[in-house]
Structure formats: structure tokens, C-alpha cells
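# Structural characterization, general
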Amino acid sequence: MQIYADNAATTQMSRTAIAAMLPYMEEIYGNPSSLYTIGQKAREAIEDARERMANCLGCTAREITFTSGGSEADNQAILSAAALGAKRGKKHIISTAFEHHAVLHTLKKLEKNGFEVTLLDVHSNGIVAAEQVAEAIREDTCLVSVMYANNEIGTIQPIAEIGAVCREKGVLFHTDAVQAAGHLPIDVERQYIDLLSLSAHKFHGPKGCGALYSRRGTPLISVIEGGAQERGKRAGTENVPAIMGMTAALEEACRSMEAHTAHLTALRDRLIHGLEKIPYSALNGDGTQRLPGNVNFCFEGIEGESLLLLLDDKGISVSSGSACTSGSLDPSHVLLAIGRPHEVAHGSLRMTLGEDTTEEQVDYMIEAVTEVVDYLRHMSPFWRDLEIGKRPHVFSK
């Protein structure tokens, strides 16, 4: 049995997205900046897509900028807010300790340029409270950046509450919604969001395409210099086929969201209940306030990469930590942020289900993970130390 359970890393492109892209690769392939007909047809398609994307997010078309993906959108949002803050003499930014590295590394860059960054602690359940944000805001705070849903443990943050706090305090609010878009309802107006990043390949669109929402009146700076595309805020000839595929995929995801959420939540809970029976294991993040298809566990006495590779031999594609850091030997910064010790954080497994996942596949995954964990523990001298009491267990049996 072949099972793909790493949808947080990337999703398979939908037939809807592919069909939407083909005309703009085969027929309407003109440069959207050109004045002749084939170029203007491409321009019209982009503007139509911008309007449709805006409808999915609860904003206006002019508030959407197309990018190469979530990382670029994160960078542009944060650097733009920082530049605006610096003009006003405000150089303090608030974020969290478990953000995606596209956010954390950008904040590190700003620290080198004189900004002060406060990274809020994350509760053990993987959720940041709006009260924490309110307490951290200062007179010189120019931006709060809190991800909508965590890319590793799937916990959903109280975005509307955080947004309301920021709006009341007059501070820009950015959310990295890469894992949320297409999977959770988003309304940027009602949630008081000023800047929002998303990426197409997380909701069955093409890789290398994303979008940045910036509330009207929020100036953006260019992070890519060149031509005057995207109203002068993002240079480079627009990837028309990818934009059309992303738009079609997001619309389809929003139309099907209620049914998909019910299906995935039931499978997620089935998988959680099965894996909880493995001794000395623990679910990472809140049990219910999490993405419908996200399951992330730690298992004592094993190493995550070995678990991943042996599951791959059984036909199961999963991950240990986030896709962007899978080549690193360091434990997940997300798991460390919620209080997992290093030796346990190394034994993590992330399984993210898709709309085509079945109960039969979930049951097979439970069986396979249980067998592999048992196999690896019997080989591990570290596990032997735990069993004989030489080292204390972190989790209860």
C-alpha cells in the first residue's frame, strides 16, 4: 500500500488547477506587460484571478500582490512593515518562537539593522494567547507577526483576537497563513489582518506561486527590483499559468472546505487515538485546536529520521519536523518552543492527511508506526537505559 501523508510539505496538484493552467501555456502565452492582443489577454486573466483570489480572502483585488510563494510573501510583508515603522521611529517587532524560518530569519536580519524583536513563548499546547501579545506591545512596536496555523504541529492561533488587539493598539498585524489558506476560513476584514501570506502548493496549486494580501493604505516595499509589475511592488514577468492554477485551486478548496474538514477531522482523530496507544508517546500540540489533517507525535527512545525511512520502506510518506529543515540534524525549534526536551524532540513524526486519505490507510499507518517504533526501540541502547531505570521517562506509559 502506498500512502502519501505529507500534505503539509506539499500537495498533489488538482486536475482543476492543471486544467486552469493549460490555456496559458499553450494559447494565451503572451507577456502580460505587452500591448498586443495575446499579451493583453494574459493581463486580463491575471486581473480576473486577482479579483477571484480577493473574494476568497474577504478583501479587494488591489490588496493582492502575486509572489513566488509564501517565503517571499513573508519577507515582503515583514520588511515593508519594518520600513514603515522605522520612518515613524518605531523599531520593535513581536513574533513567536515557533514561526516558520521565512519569518524568523527575516527578523534576525532586521535585528542586525537595529530592530528589537520579542519572540513570545508558546504554551505547551502550541497556542499563543492574545493576552500575551497585548502585554508585549510597546509604544515603539511597529509589527506583530503570528502564524495562522503552525506548519509542524498544526495548532491554530486565535487570529481574530490577536488582530483585534493589534488594531486597537494601532500596530500592523501580519499572519503567515501558508498552512491555513484553503483549509481554514479566512476573512481578513473580520479578523483585523493587515498583511497575510499564502502559497499555492499547500492547497493543490502549483509550486513557486503565492500571494501577499496587504490592507489598503499599507505601503509595500519591493524586495525584488526590476520592472514595474504588480503595481511596482514585485518586479518580474508574472507567471500567468501558475497564477491561474493557484486561483482555481483556492476557489475549489474554499468551496469544498466544509466537507473536507469533516472528513479529515474524523481521520485525524482516528489516527491520534491509534498512536496514543503506543507506550511513552505524546501528541504535540492541542488535541482539537489544530488543522483537520495534522497529526504530530513524539516517541521516546527513537530517532525521527530512522522512523521516517523505515515507514518509507512500508510505502508511507511522512516527515520528521518541517520539510524546510528535514536535512538538519537539529531537533525541531517548534517542539523545543512547546517545551519538548531535545532527546524527545528528535523522535518526532508529522503525518498530514489529504482529502483522498481513507480509513483503511489510517489503520495501516497506525499498524506500521506501532511496529516500527517497537523495532527501533529494541535496537536502541538509549531505550534500554530508559527501561532499566538508568534514565527517567519523559512521558507516562
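What this report covers is the structure whose coordinates are included nearby.

Rules used in this analysis
Residues numbered from 1 in each chain as written. Predicted model: local features only at pLDDT ≥ 70, side-chain atom pairs only at ≥ 80, totals over all residues. Heavy atoms only, no water. Axes fitted to C-alpha atoms, helices over the stretch in contact; angles between N-to-C directions. Helix = DSSP H or I, 4+ residues; strand = E, 2+ residues; numbered from the N terminus. Parallel < 35°, antiparallel > 145°, perpendicular 65-115°, else oblique. Left-handed = near helix turned anticlockwise from the far one by under 90°. Contact = heavy atoms within 4.5 Å. Nonpolar A, V, L, I, M, F, W, Y, C, P; charged D, E, K, R; others polar. Buried < 20%, exposed > 50% of the residue type's maximum accessible area, 1.4 Å probe, protein only. Pairing = 2+ DSSP bridges. Expected span 1.5 Å × (residues − 1). Bend = angle between axes of the 7 residues up to and from the residue. Core = buried A, V, L, I, M, F, W, Y, C linked by side-chain atoms within 4.5 Å. Salt bridge = Lys/Arg side-chain N within 4 Å of Asp/Glu carboxyl O. Phe/Tyr/Trp six-rings, centres within 6.5 Å; stacked < 30°, edge-to-face > 60°. Lys NZ or Arg CZ within 6 Å of the ring centre and 35° of its normal.

Two elements in contact, helix H8 (residues 240-275) and helix H12 (residues 359-379), have axes whose closest approach is 9 Å; the angle formed by their N-to-C orientations is 20°. When the interaxial angle is binned, H8 and H12 end up roughly parallel. Both H8 and H12 take part in a crossing whose hand is right-handed. Contact residues: Leu267, Arg270, Leu271, Gly274 and Leu275 in H8; Glu359, Val362, Asp363, Met365, Ile366 and Val369 in H12. Across the contact of H8 with H12, the residue classes tally to seven nonpolar, one polar and three charged.

Residue position: threonine 218 is located in the loop between strand S8 (210-214) and H8. Overall, the relative accessible area of 12% leaves threonine 218 in the buried class. Beyond its immediate sequence surroundings of up to four residues, threonine 218 is in contact with Leu172 and Leu195.

Moving on to the sheet that holds S8. Spatially, seven strands are ordered S2-S8-S7-S6-S5-S3-S4 in an open sheet, and the strand pairing comes out mixed. The strands lining the two open edges of the sheet, one partner per strand, are strand S2 (64-67) and strand S4 (116-120). In this sheet, neighbouring strand axes are inclined to one another by 20° on average, regardless of whether the strands run parallel or antiparallel. Those strands touched by helix H4 (residues 70-87) are S2, strand S3 (92-96), strand S5 (141-145), strand S6 (172-176), strand S7 (195-199) and S8, and its axis lies near 165° from that of S7. Across the sheet, helix H7 (residues 159-169) lies against S5 and S6, angled at about 155° from S6, the strand it touches most.

Let us look at H8. Relative to the 52 Å expected for 36 residues at 1.5 Å per residue, H8 spans just 43 Å between its end C-alpha atoms, considerably shorter than the ideal helical length. The sharpest bend along H8 measures roughly 65° and falls at methionine 257.

Right, let's talk about the nonpolar core for a bit. Counting residues in hydrophobic clusters, the biggest one holds 68 residues, and the most contacted among them are Phe66, Val144, Leu198, Phe203 and Met246. Not counting the four nearest positions on each side in its chain, valine 144 is found in contact with Ile94, Val133, Ile137, Ile162, Cys166, Val171, Leu172, Phe173 and His174. Ala5, Leu283, Phe299 and Leu349 belong to the second-largest nonpolar core, a separate cluster that totals 28 residues.

Overall, antiparallel pairing links the three strands, which are arranged S9-S10-S12 in an open sheet. Since the sheet does not close on itself, it has two edges, and those belong to strand S9 (281-283) and strand S12 (348-352), each with one partner. Shown here is a sheet whose adjacent strand axes are inclined to one another by a mean of 20°, direction ignored. Relative to S12, strand S10 (residues 294-299) runs antiparallel, the two being bridged by five bridges. Across the sheet, cysteine 298 pairs through a bridge with serine 348, a residue of S12.

Below, the discussion takes up the pattern of salt bridges. Tallied over the full model, the rule gives 20 salt bridges. Between aspartate 194 and arginine 167 there is a salt bridge; the shortest N-O distance is 3.2 Å. Taken together, the residues span a long stretch of sequence, with aspartate 194 in the loop between S6 and S7 and arginine 167 in helix H7 at a distance of 27 residues. When its relative accessible area of 2% is taken as the criterion, aspartate 194 is described as buried. Judged by its relative accessible area of 30%, arginine 167 falls in the partly exposed class. As a salt-bridge pair, arginine 215 and aspartate 194 come within 2.5 Å of each other at their nearest N and O atoms. One end of the pair, arginine 215, is in the loop between S8 and H8; the other, aspartate 194, is in the loop between S6 and S7, and 21 residues separate them in sequence. Judged by its relative accessible area of 25%, arginine 215 is partly exposed.

This next bit is on the packing of aromatic side chains. Per the counting criterion, the structure on display carries two aromatic pairs. One residue, lysine 91, lies across the ring of phenylalanine 115, its end atom 4.8 Å from the ring centre. One residue, arginine 377, lies across the ring of tryptophan 383, its end atom 4.2 Å from the ring centre.

Don't take any of this as a statement about function, it's just geometry.
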